[in-house]
Structures are given as C-alpha cells and as structure tokens.
Amino acid sequence: MSEDQKQQILKQTLWNIANDLRGNMDADDFRDYILGFIFYKYLSRKMNLYANEILEGDKLSYQQIEGHKDEDLLMQAIKDEALDKLGYFLKPSELFSELARRGNAGGKNQFILGDLAKVLTNIEQSTMGSESEEDFGNLFEDLDLTSSKLGKNEEAKNELIIKVLTHLEGIDFDLENSDSDVLGDAYEYLIGQFASGAGKKAGEFYTPQQVSKILAKIVTVGKDKLKSVYDPTCGSGSLLLRVAKEVNEVGEFYGQESNPTTYNLCRMNMIMHDVHYKRFDIYNEDTLESPSPNHIDKRFEAIVANPPFSAKWSASPLFMSDDRFSSYGKLAPKSKADFAFVQHMVHQLDENGTMACVLPHGVLFRGAAEGHIRKFLIEDKNYLDAVIGLPANIFYGTSIPTCILVLKKERKSHAERSRSILFIDGSQHFEKVKTQNVLREEDIERIVNTYKNRETIDKYSYVASLDEIKENDYNLNIPRYVDTFEEEEPVDLTAVSQELKNLENSIQETDATIADFCKQLNIETPF
C-alpha cells in the first residue's frame with residue numbers, strides 16, 4: 001500500500017472515530033480530547049520503541065523489566081536516555097496500550113479514569129528539571145477528565161474514555177517507519193476537519209492548507225534549507241510545518257501563540273511531526289503586548305503568518321519607544337492591529353530573509369496611521385516586494401477578501417526588483433466547494449510561478465514601478481494596477497435596426513391575418 005493510501009485510510013479512520021464517539025459534545029470540545037489521546041498514544045509508542053531499542057542488547061523487552069531483579073537500575077538508565085532523546089519518560093505500566101488493556105480487562109469496562117489522570121500528570125512531571133520541561137509543561141491541561149461534558153456521572157465518563165482508547169488502540173500508527181510522516185499529517189488533517197466545523201473560532205488555530213502552501217513556497221524560493229522559521233501568531237503550527245515541507249532542512253522553529261489551548265495543540269503538532277523538542281521554541285503570550293524574551297533579539301530567515309484580522313490592541317504610547325515600532329513615527333490604530341503585526345515581523349526578519357503574511361484587504365488602502373506606515377515601508381525602507389490578492393471566503397469563519405504581503409530587506413541589492421512592486425490578482429481563480437471557496441493546485445502554482453518569474457500577465461499580474469505607486473499616493477488597491485475589466489462585445493446597431501424592421505413587418509402580417517379571420521367571422525377586430 002502506498003504512503004498516500006495509508007494516509008487516506010488513517011485520516012478517514014480517525015475522523016470516523018471522532019464522529020462516532022463525540023455524541024452531543026461540541027466538535028470544538030471533543031477536539032481537545034481526541035487529539036490529546038492520539039498524542040498520548042504517539043508518546044507511548046515512541047517510548048516503547050525507544051526502550052526496546054535500548055534493551056535489545058540485553059535481550060529484554062520494555063514490558064519485561066517491571067519485576068526484573070535489576071528493575072530500578074534499568075528503569076533509571078532508560079529514563080535518563082529517554083529524557084535526552086525524547087524529552088519525556090513513561091513506565092511500561094503507563095503506556096497507552098496498557099491503559100487500553102486495563103480498561104477492557106475481563107470483557108467489561110474497568111474504572112481507569114484515576115489511573116489515566118495520573119499517567120498524564122506523570123508525563124509532564126517526568127520532564128521537570130530537564131531541558132524539555134518548558135516544551136512539555138501543561139501539555140495535557142485541556143484534557144479535563146472530570147468535565148461533565150464527558151458524561152453525567154463517573155461511570156459514563158469512564159465508558160466514553162475507554163471507547164476512545166479502545167478504538168485508537170486498534171489503529172497501527174506505523175511509527176517504526178522513520179521515513180513516514182503519515183500520522184503527523186493525519187493529525188493535522190483532524191485539526192483542519194475540526195476547524196471547518198468550528199465556525200469563527202477556527203481562525204484562531206488553523207490556516208487553510210492552500211494558503212499555507214502559497215506562503216511556504218514564497219518564503220523558500222531559491223532555498224533548499226533554512227536556518228530558522230518564525231510565526232508570531234502560530235496557532236496550531238500548521239504554517240511552520242508547511243514551510244518545512246518545502247525545503248530539505250529547517251534548523252529551528254519559533255512561534256508565539258496567545259491562546260493556551262492552541263499553544264498546547266501547536267507543541268503537540270510539532271512533536272507529532274517528529275520535530276525534536278530542542279529544535280522548536282513556542283511561547284504562550286500576546287505577541288504585540290508581550291513578545292517572547294527569547295525571540296525578540298533573534299532574526300529569522302523565513303517568517304510566515306496569518307494574524308487575526310483587524311484585531312484590537314492597546315496601541316499604548318509606550319510602544320513609541322519600542323524598537324519594533326519607534327522608527328515609523330506612528331502606531332497602528334487601536335481597532336486594527338494589522339500593521340502592528342507587520343511591524344513586529346519586519347523587526348524579526350533577517351537581512352537575507354523573506355516574510356509572507358495574510359492580511360485583510362483594508363491594509364492596502366486605509367489611510368491615517370496605516371497609510372503613513374504603508375508609505376514608510378515602501379518609500380523609506382523599500383521592503384515591500386509583492387501584493388497578492390486572494391479570493392474571498394477561503395478562510396473558515398470569515399468571508400472577507402484577503403491578500404498576502406511579501407516583504408524582503410535585501411531588495412536594494414537587486415536593481416530592477418528594488419524599483420518595483422509585483423501585484424498579482426488571484427481573486428477570481430478558485431473552485432467553490434460547498435460554502436467555501438478553495439484554491440486549486442493550478443491556482444496555487446500560477447500564483448507562485450508568477451511571483452518567481454516576476455512578470456506582467458494580462459488581467460492577472462502587473463509589475464508596478466515605485467513611481468506609479470507614488471502617483472497613486474501609496475494606495476495599493478489591486479484594481480489600480482491589475483485591470484481585470486472584461487470589455488463587452490460591441491453592439492451592431494445596423495443589425496439591431498434590421499431586426500426591429502423585420503419584427504415590425506411580422507407584426508403587420510399577423511395583424512392582417514387576424515383582421516381577415518375577424519372579417520370572415522363577422523366580428524369586430526380587437527385593434
């Protein structure tokens with residue numbers, strides 16, 4: 001079976017389990033449970049495989065060391081190595097398979113809620129004092145086993161949890177195959193599926209894959225490896241992981257996310273995609289108000305983002321002395337933080353880096369402080385490289401039209417590029433799927449290829465000189481540069497006149513026929 005087929009089967013199986021088991025629970029709530037348990041099973045399988053690898057020389061399996069005469073010694077040695085290699089530790093009795101077996105022992109449901117809660121706590125506690133403590137801290141806090149959403153009483157809650165564990169235990173995650181990322185992709189598929197059913201909340205944690213792909217392809221143009229990639233509003237981390245698919249190697253992943261639940265989802269997503277805990281640093285705080293102290297002095301080679309559209313922020317005058325905003329002379333308005341995110345990202349961008357972010361269309365033409373910041377980025381900094389218009393209604397929970405801004409700091413070294421900005425109008429090229437508009441593979445390729453070739457294509461793209469931008473008073477509204485107006489066919493007035501004459505003759509003939517009939521019937525004509 002091909003990797004693709006395996007992935008399709010796994011995705012469908014996981015989604016069917018989620019749908020069958022969630023009952024009346026909101027998709028949003030059940031998401032935290034099903035994704036949390038998949039993650040627990042993943043950690044268990046990894047732990048079991050790694051421990052067996054260590055014990056291979058002793059001709060022992062991990063399950064055999066509990067009760068072994070050297071149990072304490074062996075367990076401590078495995079724990080030390082696991083904490084360094086995997087970042088966490090689980091005893092054989094704490095593995096997912098063991099809990100699932102215990103829950104069904106004797107052919108009927110056994111009470112395991114207490115044991116399960118203890119195991120999840122133990123996973124986090126196993127990392128305390130180690131280098132991975134921060135990456136695993138509070139990872140399972142959204143998996144509330146005491147919540148009434150799971151059932152009216154303890155028995156009902158226990159029954160549902162056992163059902164979930166039993167169904168998941170029946171699935172082969174194929175972790176022995178180190179080249180495979182089937183589970184990680186299936187996990188992300190579930191995140192996307194839950195996002196599509198979560199309405200407005202979805203935008204908080206998920207960027208549709210088609211949009212992620214465009215951003216990732218643009219920031220990796222001409223590169224096969226990246227030193228670092230950063231997303232200041234990283235949600236579930238799908239954008240960061242998508243960038244990694246476009247190159248052979250990404251050194252380090254950095255992200256910040258204000259929502260604690262989504263922050264947990266992001267760290268799980270990183271680990272499920274086999275990103276080692278030493279290679280990612282995700283921070284849980286508001287990026288504009290409290291940027292990560294570990295990130296703020298770093299510069300990143302690739303930056304991708306889908307910040308919340310027109311979010312509110314404090315716009316405190318104190319930010320006028322913040323290095324991220326001070327040189328612009330004005331702050332983004334309190335009611336629309338879009339440009340504040342752009343300024344933050346520009347601050348974090350490396351000299352040879354590229355950033356691509358999704359923003360609402362309004363950033364292209366709104367005036368006042370936003371107009372001032374836009375002009376500063378173009379005229380003083382000359383960082384804006386391209387503006388790409390996307391179709392409306394491609395994001396979950398909002399139908400507003402959006403665009404992608406691409407910024408680079410090293411434009412000055414390319415004479416031609418530094419004197420122009422590329423505009424691409426991709427707004428009319430999509431497929432409608434149910435209630436959403438979706439960019440097809442060919443739509444994505446066309447946008448990326450046009451960006452790479454930096455070419456003017458009739459009714460699709462235009463390379464505008466900086467003088468033209470200035471003439472338009474730094475208004476970047478795409479129709480000012482890309483004319484998509486379709487002229488109507490000219491009207492042939494002679495033909496229309498002849499048609500009217502023929503019509504008139506026809507009416508006269510019909511009237512004459514009617515008059516003749518009326519005469520034969522000896523009645524009055526109706527006209």
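Residues numbered from 1 in each chain as written. Predicted model: local features only at pLDDT ≥ 70, side-chain atom pairs only at ≥ 80, totals over all residues. Heavy atoms only, no water.

Going by the annotation in an unreviewed UniProt entry, the name recorded for the protein is site-specific DNA-methyltransferase (adenine-specific), with Urechidicola croceus given as the source organism. What UniProt states about the protein under its Sequence similarities (unreviewed entry) heading is, verbatim, "Belongs to the N(4)/N(6)-methyltransferase family." Per UniProt, the protein has the following entry under Catalytic activity (unreviewed entry): "a 2'-deoxyadenosine in DNA + S-adenosyl-L-methionine = an N(6)-methyl-2'-deoxyadenosine in DNA + S-adenosyl-L-homocysteine + H(+)". (UniProt positions renumbered as here; feature names shortened; annotations may be inferred.)

Can you walk me through the packing of helix H4 (residues 96-103) against helix H7 (residues 154-169) in this structure?
Where H4 meets H7, the axes come as close as 9 Å, and the angle between the chain directions of the two elements is 125 degrees. When the axes of H4 and H7 are compared, the pair comes out oblique. As H4 packs across H7, the resulting crossing turns out to be left-handed. Contacts between H4 and H7 involve Phe96, Ser97, Leu99, Ala100 and Gly103 from the former and Ile162, Leu165, Leu168 and Glu169 from the latter. Each residue belonging to the contact of H4 with H7 can be placed in one class, and the counts come to six nonpolar, two polar and one charged. (Axes fitted to C-alpha atoms, helices over the stretch in contact; angles between N-to-C directions. Helix = DSSP H or I, 4+ residues; strand = E, 2+ residues; numbered from the N terminus. Parallel < 35°, antiparallel > 145°, perpendicular 65-115°, else oblique. Left-handed = near helix turned anticlockwise from the far one by under 90°. Contact = heavy atoms within 4.5 Å. Nonpolar A, V, L, I, M, F, W, Y, C, P; charged D, E, K, R; others polar.)

Even after reading the chapter, I still don't get the pairing of strand E8 (residues 420-425), so can you show me in this structure?
Across the six residues of E8, six count as buried, placing the element largely inside the fold. Both faces of E8 are covered, namely the face carrying Ser420, Leu422 and Ile424 and the face carrying Ile421, Phe423 and Asp425. Relative to E8, strand E6 (residues 384-389) runs parallel, the two being bridged by four bridges. Bridging across to E8, Ile388 finds its partner in Ile424. The pairing of E8 with strand E11 (residues 461-465) spans five bridges and is classified as antiparallel. Looking across to E11, one finds that Ser420 is bridged to Ser465. (Buried < 20%, exposed > 50% of the residue type's maximum accessible area, 1.4 Å probe, protein only. Pairing = 2+ DSSP bridges.)

How do you make sense of the domain arrangement of the protein when you look at a structure like this?
As a measure of interface size, the accessible area lost when the parts come together is often cited. According to the domain assignment, the protein consists of domain 1 (3-196), domain 2 (201-480) and domain 3 (492-526). The distance between the C-alpha centroids of domain 2 and domain 3 comes to 67 Å. (Domains from an automatic or database assignment.)

Whenever I open this one, unusual backbone geometry confuses me. Can you help?
The backbone phi angle of Ala315 is positive, close to 50 degrees, even though this residue is not glycine. Here the phi dihedral of Asp473 falls at roughly 55 degrees; this positive angle occurs in a residue that is not glycine. Along the chain, Asp473 falls in the loop between helix H16 (466-471) and helix H17 (493-520). Asp473 gets classed as exposed once you look at its relative accessible area, which sits at 62%.

Please explain the pattern of salt bridges as it appears in this structure.
Oppositely charged side chains are able to pair whenever their charged atoms sit close together. By the definition in use, this model includes 19 salt bridges. A salt bridge links Lys69 to Asp70, with the nearest nitrogen and oxygen atoms 3.4 Å apart. Taking relative accessible area as the criterion, Asp70 reaches 32% and is therefore assigned partly exposed. Arg440 is the salt-bridge partner of Glu442, the closest N and O atoms lying 3.8 Å from each other. One continuous salt-bridge network, built from bridges that share partners, spans Glu98, Arg101, Arg102 and Asp115. (Salt bridge = Lys/Arg side-chain N within 4 Å of Asp/Glu carboxyl O.)

Got a minute to help me understand the nonpolar core in this structure?
Nonpolar side chains in soluble globular proteins tend to end up buried together. The biggest cluster of nonpolar side chains holds 107 residues, and the ones touching the most others in it are Ile34, Phe37, Tyr40, Leu43, Met47, Tyr62 and Leu168. When residues of this core are assigned to their parent elements, the largest contribution, 14 residues, is made by helix H2 (residues 27-55). Mapping this core onto the domain boundaries places at least three of its residues in each of domain 1 (3-196) and domain 2 (201-480). The contacts of Met47, once residues within four sequence positions are left out, are Tyr62, Ile78, Ala82, Leu86, Tyr88, Phe89, Leu90 and Leu95. Core analysis: the second largest hydrophobic core is formed by 45 residues, Ala332, Val342, Leu384 and Tyr481 among them. (Core = buried A, V, L, I, M, F, W, Y, C linked by side-chain atoms within 4.5 Å.)

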